[in-house]
Every structure is written in C-alpha cells, then in structure tokens.
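Residue-level structural notes
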Amino acid sequence: MVHAYILIQTEVGKAASVAAEIAALPGVASSEDVTGPYDVIVRAQADNVDDLGQLVVANVQNVDGITRTLTCPVVNLSR
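Residues numbered from 1 in each chain as written. Predicted model: local features only at pLDDT ≥ 70, side-chain atom pairs only at ≥ 80, totals over all residues. Heavy atoms only, no water.

**Topic: the nonpolar core**
- Counting residues in each nonpolar core, the largest one holds 20 residues, and the members touching the most others are I8, I22, V42, L52 and V60.
- Counting residues per element, the ones that place at least two in this core are β1 (2-10), α1 (15-23), β3 (40-46) and α2 (49-59). (Core = buried A, V, L, I, M, F, W, Y, C linked by side-chain atoms within 4.5 Å. Buried < 20%, exposed > 50% of the residue type's maximum accessible area, 1.4 Å probe, protein only. Helix = DSSP H or I, 4+ residues; strand = E, 2+ residues; numbered from the N terminus.)

What follows is the structure, encoded as structure tokens:
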C-alpha cells in the first residue's frame with residue numbers, strides 16, 4: 001500500500017468545495033481545507049505508485065477549481 005499527501009492550490013473561494021468533492025473519491029482517506037500556501041491537503045492511499053498516479057491525474061486533478069497539485073508519497077525511513 002502506498003500512502004501520500006496531496007497538496008492542492010485552488011481558485012479563490014473554492015477550497016471548501018474542492019475539499020468536499022475530493023473527500024468522496026475512492027482512495028482518499030481525508031481531505032481538509034487549510035491556510036497557508038496550499039488550500040487543501042489530502043491524505044490518499046493506493047495499492048501501488050501507478051494507481052496513486054491514476055488517482056491524482058484522472059480523479060483529483062479533474063475537480064473543478066484546482067489550479068495546482070503537489071503529490072508527496074510517504075516513505076518509511078525507520079526500517
């Protein structure tokens with residue numbers, strides 16, 4: 001299982017609607033609007049990196065109001 005944080009910038013006034021729509025997507029564990037350089041932070045999971053890429057490109061980036069995404073896969077360095 002691959003986990004990632006997706007940092008999202010939205011159009012002005014769209015953060016709440018973007019977060020709500022993304023929260024309903026399969027593979028999304030959480031979606032919250034935040035303040036700072038990003039407007040929404042998503043915690044996502046997929047079976048592998050290819051499926052994660054599909055989630056981001058085919059689903060998340062198609063949500064109306066998103067201007068930019070940055071996907072940060074979680075790594076386990078303590079092994």
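**A short note on α2**
- What α2 keeps buried is the set L52, L55 and V56. All buried residues of α2 fall inside an arc of 90° around its axis, so they share one side. Across from the buried face of α2, at angles greater than 90 degrees, the exposed residues are D50, Q54 and V57.
- Those residues of α2 that are buried are in contact with β1, β3 and β4 (66-73).
- A distance of 3.1 Å separates the backbone nitrogen of D50 from a side-chain oxygen at the start of α2, and that oxygen is part of N48. (Arc of directions from axis to C-beta. Contact = heavy atoms within 4.5 Å. Polar contact = N/O pair within 3.5 Å; in protein donor to acceptor, adjacent residues only side chain to side chain.)

**Remarks on the sheet that holds β3**
- Read across the sheet, four strands follow the order β2-β3-β1-β4 without closing on themselves; strand pairing throughout is antiparallel. Of all the strands in the sheet, just β2 (28-33) and β4 have a single pairing partner and so form its edges. Across the sheet, the mean angle from the axis of one strand to that of its neighbour is 20°, orientation sign disregarded.
- Of the strand pairs in this sheet, β2 and β3 are connected by five bridges, and their pairing is antiparallel. (Pairing = 2+ DSSP bridges. Axes fitted to C-alpha atoms, helices over the stretch in contact; angles between N-to-C directions.)

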